[in-house]
Amino acid sequence: MIKKILVSQPKPSSEKSPYFEIEKKHGVELVFHPFIKVECLSAREFRQQKVQILDHTAVVFNSRHAIDHFFNLCKEMRITVPEDMKYFGISEAIALYIQKYVQYRKRKVFFPVSGKLPDLIQIMAKHKSENYLFPLSDVHTDEIHLMLESKKLKHTQCVMYRTVSNEYPASEPFDFDMIVLFTPAGVESLQKNFPDFVQGDVRIACFGKTTAKAVEEAGWRLDLEAPSVKAPSMTGSLDLYLEEQNK
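Residues numbered from 1 in each chain as written. Predicted model: local features only at pLDDT ≥ 70, side-chain atom pairs only at ≥ 80, totals over all residues. Heavy atoms only, no water.

**Student:** Which residues make up unusual backbone geometry, and what values do they have?
**Tutor:** The residue after Ala226, namely Pro227, is reached through a cis peptide bond having omega 0°. Of note, Pro227 is situated in the loop between strand S11 (224-226) and helix H9 (234-245). The backbone of Lys152 sits at a positive phi, close to 55°, despite the residue not being glycine. Its location among the elements puts Lys152 in the loop between helix H6 (143-150) and strand S8 (155-165). You can call Lys152 exposed: its relative accessible area is 72%. (Helix = DSSP H or I, 4+ residues; strand = E, 2+ residues; numbered from the N terminus. Buried < 20%, exposed > 50% of the residue type's maximum accessible area, 1.4 Å probe, protein only.)

**Student:** Quick rundown of the sheet that holds strand S4 (residues 58-61)? Include the residues and the values.
**Tutor:** Overall, mixed pairing links the 6 strands, which are arranged S3-S8-S7-S4-S5-S6 in an open sheet. The two strands at the open ends of the sheet, each matched to only one other strand, are strand S3 (36-40) and strand S6 (108-110). When the angles between neighbouring strand axes are averaged without regard to direction, this sheet yields 25°. Of the strands in this sheet, S3, S4, strand S5 (86-89), strand S7 (132-137) and S8 are in contact with helix H3 (residues 64-76), which crosses S8 at around 105°. (Pairing = 2+ DSSP bridges. Axes fitted to C-alpha atoms, helices over the stretch in contact; angles between N-to-C directions. Contact = heavy atoms within 4.5 Å.)

**Student:** Give me the lowdown on the pairing of S5, citing residues and values where you can.
**Tutor:** Of the two faces of S5, both are covered, the one formed by Lys86 and Phe88 as well as the one formed by Tyr87 and Gly89. Bridge analysis of S4 against S5 gives 4 bridges, and the strand direction is parallel. Opposite Val59, over in S5, you have Tyr87 as the bridge partner. Between S4 and its parallel partner S5, the chain crosses via H3, and the hand of that crossover is right-handed. Here 3 bridges tie S5 to S6, and the two strands are oriented parallel to one another. The partner of Phe88 across the bridge, within S6, is Phe110. (Right-handed = clockwise from strand over helix to strand, strands pointing away.)

**Student:** Outline the environment of Leu54, listing residues and values.
**Tutor:** Residue position: Leu54 is located in the loop between helix H2 (43-47) and S4. Residues Leu54 and Leu133 lie 79 residues apart in sequence; the distance between their C-alpha atoms is 9.5 Å.

**Student:** I'd like a description of H6, backed by residues and values.
**Tutor:** If you check which residues of H6 are buried, you get Ile144, Met147 and Leu148. Taken down its axis, H6 places every buried residue within 95° of arc, on the same side. Facing away from the buried surface of H6 by more than 90 degrees, the exposed residues are Leu146 and Ser150. Buried-residue contacts for H6 involve helix H5 (117-125), S7 and S8. One or two positions beyond H6, positive phi appears at Lys152, with a value near 55°. (Arc of directions from axis to C-beta.)

As structure tokens, this is what we get:
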């Protein structure tokens with residue numbers, strides 16, 4: 001029987017999170033611990049890429065991490081972002097998050113309603129005169145670069161933050177009936193934290209095809225993979241799985 005579940009994400013800040021509803025509904029204990037964390041490059045590390053931020057007229061953000069680390073690096077390097085800088089976000093939520101650092105109404109901010117990268121590229125293509133800066137993580141593919149190249153958009157990709165392993169507290173027991181993973185990096189971090197981990201009866205759940213592949217390559221049994229037709233979220237998938245297990 002599943003009684004204690006490790007969710008490899010930060011603990012939700014809202015009491016209305018579906019995770020807490022799962023705890024009450026199924027009588028399980030959820031422990032939150034992200035196996036990975038994101039950290040900003042130092043100004044010295046960033047300068048080694050020889051990227052001049054002020055040579056660009058627009059910045060493209062695909063995550064809140066990108067926004068935070070862009071403005072933090074600018075502050076550390078004493079760069080004043082000009083008032084006429086344009087911003088392009090992958091979604092409305094990302095675009096609105098820019099307000100944390102700039103006066104939204106005074107800026108030009110663009111985003112696709114769909115929240116999908118190809119639609120964002122289409123919007124950017126309408127602003128061909130811009131010189132785009134695209135802050136990224138140290139782990140990324142060539143997909144973005146190829147899409148921008150196909151539209152002949154002038155751009156520079158640069159690494160501003162990286163994903164690193166987040167150690168599990170040695171003082172805390174690792175006695176879970178189920179482990180929920182969200183990224184290949186999380187799978188790798190679990191292996192690093194517990195090199196002698198033997199799955200046995202421990203259930204493993206994951207989100208996404210790439211994470212599922214990483215679980216299988218680690219030699220572990222995958223008991224639950226999300227999303228699915230019935231449940232597009234991890235919480236929805238977990239809820240259905242526990243219902244089935246408790247029958």
